[in-house]
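Chain by chain, the residues:
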Amino acid sequence: MVVDSEAYSYDDEVIKKAEAMGKPGLVEIIARQDSFIFTVESTGAIKSSQLVLNAIEILKQKLDAVRLSEDTVEADDQFGELGAHMRGG
C-alpha cells in the first residue's frame with residue numbers, strides 16, 4: 001500500500017523492476033475508483049489551493065446556469081456538450 005501517494009509516480013517502473021528481479025506479480029497496483037490525484041501549479045500570484053477553490057466556484061456557477069436553463073437549448077449554446085449532458089441528452 002502506498003503511504004504517501006504524492007511521492008509516488010506510477011510509470012510501470014515498479015512492475016518492470018519486480019519482473020527483472022525474477023518475481024513477476026510481486027507488485028500489484030490497483031487504481032482507487034473513488035479518488036484521483038492532480039497537481040496544480042501557480043505562478044505565485046495566487047496560492048494553488050486558492051486556484052482550486054476559485055475553479056470549483058466557477059464550475060458551480062456554470063452548473064447552476066445549466067440547471068436553470070434545463071428546458072431550453074441555451075445550455076447547449078453556452079456550454080456545449082456539458083449542457084446537453086446535464087439534461088440527459
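(A) Region of the structure containing the overall build of the protein. Each helix and strand counted, the protein has 4 helices and 0 strands in total. In sequence order, the secondary structure elements of the protein are arranged as α-α-α-α. Look at the contacts in the protein between residues 6 or more apart in sequence, and 3% of them connect residues 24 or more apart. Carbon together with sulfur atoms contributes 54% to the accessible area of the protein, which is approximately 7900 Å² in total.

(B) Region of the structure containing the confidence of the model for the protein. With 64% of its residues at a pLDDT of 70 or more, the protein shows a mean pLDDT of 76. Confidence scores differ between elements of the protein, with helix α3 (residues 74-79) showing the lowest mean pLDDT of 60 and helix α2 (residues 48-68) the highest of 88.

Rules of the game
- Once a new chain begins, its residue numbering starts again from 1 and follows that chain's sequence as written.
- Local features in this predicted model are restricted to residues whose pLDDT is 70 or higher, and side-chain atom pairs enter the listing and the counts only when it is 80 or higher, whereas totals over whole chains, interfaces and linings include all residues.
- Hydrogen atoms and water are omitted, and side-chain values are computed over all heavy atoms in the structure.
- A run of H or I in DSSP becomes a helix once it reaches four residues, and a run of E becomes a strand once it reaches two; helices and strands are each numbered from the N terminus.
- For this analysis, residues touch if any pair of their heavy atoms sits within 4.5 Å.
- For the area figures, the Shrake-Rupley method with a 1.4 Å probe applies, and any residue is considered shielded solely by the protein chains shown.
- Every residue gets a pLDDT, meaning the predictor's confidence in that residue, from 0 to 100.

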